[in-house]
Protein chains: 2
Amino acid sequence: MNTLVILSHPNLSESGSQQFLINAVEAYEQVTVHHLESQYPDGKIDPQAEHELLKRHQRIIFQFPFYWYSSPSLLKEWQDVVFGGEDFYRQQGTILKGKEFGLVLSVGVSEKEYRAGGREAYTMDELTRPYQAIARHMEMIYLPCFGIHQFAYQSEAKKKQLLIDYQYYLTGRQPASLEHRTNWLVNELRTTNLESLPMELSDKIEAIAVDLKDRQEVLADLKDTLAEF
Amino acid sequence: MNTLVILSHPNLSESGSQQFLINAVEAYEQVTVHHLESQYPDGKIDPQAEHELLKRHQRIIFQFPFYWYSSPSLLKEWQDVVFGGEDFYRQQGTILKGKEFGLVLSVGVSEKEYRAGGREAYTMDELTRPYQAIARHMEMIYLPCFGIHQFAYQSEAKKKQLLIDYQYYLTGRQPASLEHRTNWLVNELRTTNLESLPMELSDKIEAIAVDLKDRQEVLADLKDTLAEF
């Protein structure tokens, strides 16, 4: 499955969170990161080129800093130009229908403020309704929004977890069930270039992968047994 | 009360609804229509000039065609530039706090489709949450959204009503109670340049104004009487 990350950020090099995310998926061949402000410094978006890009991917992600409860202006311009022409309307069925659509948002305010009684009053799901409406209009499958709140204040442990969760959001199967996540993790461990690592570590990684598969089998057996009753 | 209409539309001259709205308030000295795409053809917004403009008005309206459940990109750019700088944060309290904020949206799809089970699934109020959140953040008073659905298909009678409703939305007192609306209408009738009209029509207008004031007094008396019980 190929994933297209349509990234909008006016000062990408100054954003710690965006640099972190870009590095996190650099090694994935199936992920294309498409930074709009670099591609179109004059703001003139080429709808045909964008249509071709969309056609080659099955999961489409909008990734941006959450500015005033929405995206930077160039991503909005992208929407109006790319979704707006007659050409797109003719092709709409084949370009986006049935594909997955997700949001990766970096947010300056703590997640707990996005609720009734919180500082921001509305939930992230309420504030991102326009994107849900777009996915619905295009007959796409809307993935749960991936919000990264206050990245700069996160501990190293949290950042490591974020790295894995983000990689999964872009490349793992949805919905993110236990089974899909386990399969993804085993595959990630098995495709790690073990030769580049110290023997002790590579042995450990292989042991974890075996253990995960074993547990998955035990769980499957248990489910079968329960189903017989 | 001075009203600032921040209008964003990339092809203003081709928009029948926007031309209609602009004409509807041309005669009002207290209304400033500020078309962003004319003012900033290169997209470079001057935050200081915009701050000064905001300072001189008590009611701020965002007026735009509802493209992909949001504004054209230049209005989003305006938000990021005008609300974004340190200068604005310092002045925020004096620039926007306590002022009124409204939306005037021209929408291509019928209003009844914006509901659960309708073609658009979400209500206009749900889709405009980001603007409600901005008003809340700025401690502004959010006015009920003024949506103009399928302008081109409206009858002449509906358009006449729309004209009055729009003029009221920009210049009348909020909330739009019966009392406030009556006062506004009487004032509008009384400040009409009657000398430019045929005698018969000017007499009729004066009669309507007198009648409205009379009814308002009757209603006030009735309320007083009821309050005594």
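So, here is what we can say about the structure in this document. Given the structure is predicted, the values throughout are model-derived calculations rather than measurements.

Parameters and conventions
Residues numbered from 1 in each chain as written. Chains lettered and ligands numbered in written order. Predicted model: local features only at pLDDT ≥ 70, side-chain atom pairs only at ≥ 80, totals over all residues. Heavy atoms only, no water. Helix = DSSP H or I, 4+ residues; strand = E, 2+ residues; numbered from the N terminus. Buried < 20%, exposed > 50% of the residue type's maximum accessible area, 1.4 Å probe, protein only. Contact = heavy atoms within 4.5 Å. Areas by Shrake-Rupley, 256 points an atom, 1.4 Å probe, with all protein chains shown as cover. Lys, Arg positive; Asp, Glu negative; His and termini not counted. Charge placed at Lys NZ, Arg CZ, Asp CG, Glu CD. Phe/Tyr/Trp six-rings, centres within 6.5 Å; stacked < 30°, edge-to-face > 60°. Core = buried A, V, L, I, M, F, W, Y, C linked by side-chain atoms within 4.5 Å. Least-squares fit on C-alpha atoms with pLDDT ≥ 70 in both.

Quick notes on the overall build of chain A
A count of helices and strands for chain A gives ten helices and six strands. On the principal axes, the C-alpha backbone points of chain A span a range of 55 × 45 × 40 Å. In chain A, buried positions account for 48% of the 229 residues. Looking at chain A alone, contacts between residues at least 24 apart form 72% of all its contacts between residues at least 6 apart. Total accessible area computed for chain A in this model is approximately 12300 Å², and 52% of it derives from carbon and sulfur atoms. Chain A carries 23 positive and 33 negative side-chain charges, and their two centres are separated by 4 Å.

What about the packing of aromatic side chains?
Taken as a whole and judged by the stated rule, the model has 26 aromatic pairs over all chains. With centroids separated by 5.4 Å and ring planes inclined at 75°, the aromatic side chains of A:W78 and A:F83 adopt a geometry described as edge-to-face. A relative accessible area of 1% places A:W78 in the buried class. According to the relative accessible area criterion, A:F83 is buried, its value standing at 3%. Seen from their ring centres, A:F146 and A:Y166 are 6.0 Å apart, and the 55° between their planes marks the pair as tilted. Of this pair, A:F146 sits in strand β6 (residues 146-149) while A:Y166 sits in helix α8 (residues 156-171), placing them 20 residues apart in sequence. Owing to a relative accessible area of 12%, A:F146 belongs among the buried residues under this scheme. With a relative accessible area of 1%, A:Y166 lands in the buried category. Grouped by ring-pair contacts, the aromatic residues A:F62, A:F64, A:W78, A:F83, A:F101, A:Y131, A:Y142, B:F66, B:W68 and B:Y69 constitute a single cluster.

A short note on the nonpolar core
Counting 74 residues, the largest nonpolar core has A:F62, A:W78, A:F83, B:F62, B:W78 and B:F83 as its most contacted members. When neighbours within four sequence positions are excluded, B:F62 is seen to be in contact with B:I6, B:L75, B:W78, B:Q79, B:F83, B:F101, B:G102, B:L103, B:V104 and B:Y131.

Focus on the relation of the copies chain B and chain A
Relative to chain A, chain B is turned by 180° and slid 0.0 Å along the rotation axis, the superposed coordinates differing by an RMSD of 0.1 Å. Between the two chains, the operation in question is that of a two-fold axis. Residue B:S73 of chain B places its C-alpha closer to the rotation axis than any other residue of that unit, at 2.5 Å. Residue by residue, 100% of the interface of chain B is reproduced at the interface of chain A, so both copies engage with the same surface.

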